[in-house]
Amino acid sequence: MVVLRIRNVHKRKYALLCLCIVGFIMYRYLGSFSSVPAKGRRMSRKVGLSANTSQFTLEGEPFRILGGSIHYFRVPRAYWRDRLMKMKACGFNTLTTYVPWSLHQPEQGVFNFHTQLDLGAYISLAAELGLWVILRPGPYVSSELDLGGLPSWLLRDGSMRLRTTHPAFTQAVNTFFDKLIPKVVPLQFKKGGPIIAVQVENEYGSFAKDQSYMLFIKEALQSRGISEMLLTSDNHNTLKSGGVDGAIRTVKLQKLNQRTIQDLNAIQVPTMVMDYWTGWYDVWGDLHHVLPPEDVVSTVREILRRGMSVNLYMFHGGSSFGFMSGALADPSYRALVPSYDYDAPLTEAGEYTPKYHLLRDLLSRYNRGDTFPDMPALRYREAYEPAIMYQHLSLWDALSFTEGVSKPVNMEKLPVNSGNGQAYGYTLYETSITSGGLLKSGDNVRDRALVRHFDCSDPSLQGRRTLSLLVENCGRVHRGRDLDKQHKGLVGDILLNNIPLRDFTVYSLDMKPSFIDRFAPWKTLSEAPSFPGFFMGRLFVYGYPSDTFVKMPGWEKGVVFINGLNLGRYWSIGPQQTLYLPGPFINSGINQVIVFEEQEGDYKVQFEDTPDLGMAADVQ
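Residues numbered from 1 in each chain as written. Predicted model: local features only at pLDDT ≥ 70, side-chain atom pairs only at ≥ 80, totals over all residues. Heavy atoms only, no water.

### Quick notes on the packing of aromatic side chains
Our working definition: The pairing test for Phe, Tyr and Trp rings, Trp by its six-membered ring, is centres within 6.5 Å, and the orientation test on the planes gives stacked under 30 degrees, edge-to-face over 60, and tilted for anything in between. Under the DSSP-based scheme used, a helix requires at least four consecutive residues in state H or I and a strand at least two consecutive residues in state E, with every element numbered from the N terminus. Relative accessibility under 20% of the residue-type maximum defines a buried residue, over 50% an exposed one, and the middle range a partly exposed one, all with a 1.4 Å probe and only protein chains included. Each ring is checked for a lysine NZ or an arginine CZ that lies within 6 Å of its centre and within 35 degrees of its normal; such an atom marks a charge sitting over the ring.
Scanning the entire structure with this criterion turns up 35 aromatic pairs. Between Phe-535 and Trp-555, the aromatic rings sit 5.6 Å apart at their centres with planes inclined by 80 degrees, giving edge-to-face as the arrangement. A residue pair is termed long-range when its members are at least 10 positions apart, and Phe-535 in strand β27 (residues 533–541) and Trp-555 in the loop between β28 (548–551) and β29 (557–562) qualify at 20 residues. Owing to a relative accessible area of 3%, Trp-555 belongs among the buried residues under this scheme. In this structure, Arg-163 packs its charged tip against the face of Phe-207, placed 4.6 Å from the ring centre.

Laid out in structure tokens, this is it:
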């Protein structure tokens, strides 16, 4: 009896010891999933996000970053709250966003941090909803944006060396940061805000032309008051060359393999996947890229099992409205579509997907018992009656004289927009010729040109013909080592019978609202309108406007404007066949619809209640 009683006591001691060990492990493991402080608990806000030899901590407590990327500039402001609430309801604790320099400073000395680009309001909204924020202010961000988010007016300087310590570039960066950084400094964690970390540049390891550059950017941030944790982000094979002392290195990937983990662990612990790509972007003339939900959840599960932090790029992609999209250069030039759906957990229009539900289920298992917020209700979508085109304006009737030049001038060098050149859109080059022949452009047309010739209207030029080249900037390359060479329009000589053409008249067609507003008078649409040309119709909306999708069957290639807003390009080659039109862009009643079409049109614009992003193919 005594022996039995002693054995039972030992068993109870062993059981209690095992229970304590399991409890401690569970606390350390699950504690890293804590997001925002529990209600009623105050934080001292003295330490912020830190990294020790095994994990991240926030105010000394274990913390795992569960992030998702949603870009404020790709989502209508009226929908910011909806999209962030949906991310919060999926179990994520951190919002990440890039800051596009090109949108915030479209011209030298002109800054825009209002309405759709009110970054401070966006970050404050994240705090209100209980989300932490990792800010990625660039100045270069990539993000499949034209020139990687750098403003095109930088290219007016023939000696410019982007993403280096070239004096003209650093001066421009300093001017931008002087405006940007003071707006976010008060929103840092230690000052009571939600910003727990700031990324230094982006993917510099794949560029790495200047060893002093990353240090310059780091000091540019810190000297203006950035005091939270600094991060860098690169592919696994460029982690070392893309880092800077004093910043945590993070990795970008789509497939988690042992080599990537070894590369990162060899540099530092803790580890973070700053960009786990949940899908991919699309280019014109290709297929719509998708990543199976099972693959996404399997990879995220493995990342969590290894105790790593993660950010999903993208959680919600949204739309690259207007001419925001970039392009690829390797192996050949290919322009990106305006949809940035990305096959993300939330669709371009904010709809739930199987990825969303599987991720929510996965994260709920790692949660410490706190219930996730309810999933916000979906918004109604509507298929409106087609807008019938009833007015027309030839391209040549819409022109305003810009400049007469001897040699061709690229659009960045044009004397428009207060000396900042032309950033986006089309440029028309016209000259007179006396004979036909073989036209050669070499590689001097960036990126496409429609060529036509017709008799000169001036009687004094009898026997001469006008040669017109309508050149489209389809999007500047957003990554790679040739960013300095992304001039658009005609960038060199055009030869007719091996003789360079001279004496051009150049017209800027940037397609901005101010360009569209000056159209007058419109003409009644005839049975045989001329192309290229502008077509106008009306969309009638009764009651509260709903989301819809613009479809252009019978049209070839052009741009759609709704109430003066550039919605984006369409092109019959696909893959994208519809343009997302958010309800907030529509008025109750009459809405103006303008189409710029290059070649042929159906004279009506359709509005569907479902998107069509084209035939899908798995990401390779």
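That covers the picture; the talk isn't over yet.
### Examining the pattern of salt bridges
As a reminder of what qualifies: Any carboxyl oxygen of Asp or Glu that lies within 4 Å of a side-chain nitrogen of Lys or Arg is treated as forming a salt bridge with it.
For the coordinates displayed, the defined rule picks out 30 salt bridges. Here Glu-472 ties to Lys-557 by a salt bridge, and the two come within 2.8 Å at their closest N and O atoms. Residue Glu-472 is located in strand β21 (residues 465–472), and its partner Lys-557 is located in strand β29; the two are separated by 85 residues in the primary sequence. A cluster of three or more residues bridged by salt bridges with shared partners is formed by Arg-448, Glu-472, Lys-557, Arg-569 and Glu-598.

### Thoughts on the UniProt feature "domain: Glycoside hydrolase 35 catalytic" (unreviewed entry) in the protein
Inclusion rule: UniProt positions are given in the numbering used here, feature names are shortened, and annotations may be inferred rather than shown by experiment.
UniProt feature "domain: Glycoside hydrolase 35 catalytic" (unreviewed entry): in the numbering of this structure it lies at residues 55–365. Secondary structure over residues 55–365 splits into 29% helix and 19% strand, and the C-alpha atoms at its two ends are 20 Å apart.

### Some remarks on the environment of His-316
This is how the line gets drawn: In this analysis, two residues are considered to be in contact whenever any of their non-hydrogen atoms come within 4.5 Å of each other. In protein, a polar contact requires one atom able to donate a hydrogen and another able to accept it; more generally it is a pair of N or O atoms within 3.5 Å, and residues adjacent in sequence count only if both atoms are side-chain atoms.
Looking at the element boundaries, His-316 is found in strand β12 (residues 309–316). On a C-alpha basis, the gap between His-316 and Asp-341 in space is 7.2 Å, while along the polypeptide they are 25 residues apart. Here His-316 is in contact with Ser-69, Ile-70, Val-75, Arg-83, Ala-344, Leu-346, Thr-347, Glu-348 and Gly-350, once residues within four sequence places are set aside. Within the local environment of His-316, its side chain forms a polar contact with the side chain of Arg-83, the two groups lying 3.1 Å apart. Among the polar contacts listed, one links the side chain of His-316 to the backbone oxygen of Thr-347, at a separation of 2.9 Å.

### Some details on the packing of helix α9 (residues 293–305) against helix α10 (residues 354–366)
Filter applied, for reference: An axis is simply a line fitted to the C-alpha atoms; with a helix, the fit covers only the stretch in contact. Between two such axes, the angle follows the N-to-C directions and lies from 0 to 180 degrees. Comment on the angle field: the value is read as roughly parallel under 35 degrees, roughly antiparallel over 145, roughly perpendicular from 65 to 115, and oblique elsewhere. Here is the rule for handedness: rotate from the far helix to the near one, and if that takes an anticlockwise turn smaller than a right angle the crossing is left-handed, while a clockwise turn gives right-handed. Throughout this entry, Asp, Glu, Lys and Arg are counted as charged residues, while Ala, Val, Leu, Ile, Met, Phe, Trp, Tyr, Cys and Pro are counted as nonpolar. The remaining residues, Gly among them, count as polar.
Where α9 contacts α10, the axes come no closer than 9 Å and their chain directions differ by 20 degrees. Taken as axis vectors, α9 and α10 run roughly parallel relative to one another. In this structure, α9 crosses over α10, and the sense of that crossing is right-handed. Contacts between α9 and α10 involve Pro-293, Val-296, Val-297, Val-300, Arg-301, Leu-304 and Arg-305 from the former and Pro-354, Lys-355, Leu-358, Leu-359, Leu-362, Leu-363 and Tyr-366 from the latter. Among the residues making up the contact of α9 with α10, the classes are represented as eleven nonpolar, no polar and three charged.

### Notes on unusual backbone geometry
In this structure, Pro-532 follows Phe-531 across a cis peptide bond, with omega equal to -5 degrees. Note that Pro-532 resides in the loop between β26 (523–524) and β27. In the segment running from Gly-574 into Pro-575, the intervening peptide bond is cis, with an omega of 15 degrees. The topology assignment puts Pro-575 in the loop between β30 (565–571) and β31 (578–581). Phi angles above zero are rare outside glycine, and Ser-143 is one such case at about 55 degrees. Tracing the sequence through the fold places Ser-143 in the loop between β6 (132–136) and α5 (167–184). Notably, Tyr-603 is not glycine yet its phi reads approximately 70 degrees, a positive angle. Residue classification places Tyr-603 among the partly exposed residues on the basis of a relative accessible area of 25%.

### Structural notes on the sheet that holds strand β3 (residues 61–62)
For clarity, the cut-off: A pair of strands is labelled paired if DSSP reports no fewer than 2 bridges between them.
The antiparallel open sheet is built from three strands, whose spatial order is β1-β2-β3. The open sheet has two free edges, formed respectively by β1 (49–51) and β3, since each of these has just one partner strand. By the bridge criterion, two bridges tie strand β2 (residues 56–58) to β3 in an arrangement that is antiparallel. Residue pairing for β3: Thr-57 is matched across the bridge by Pro-62.

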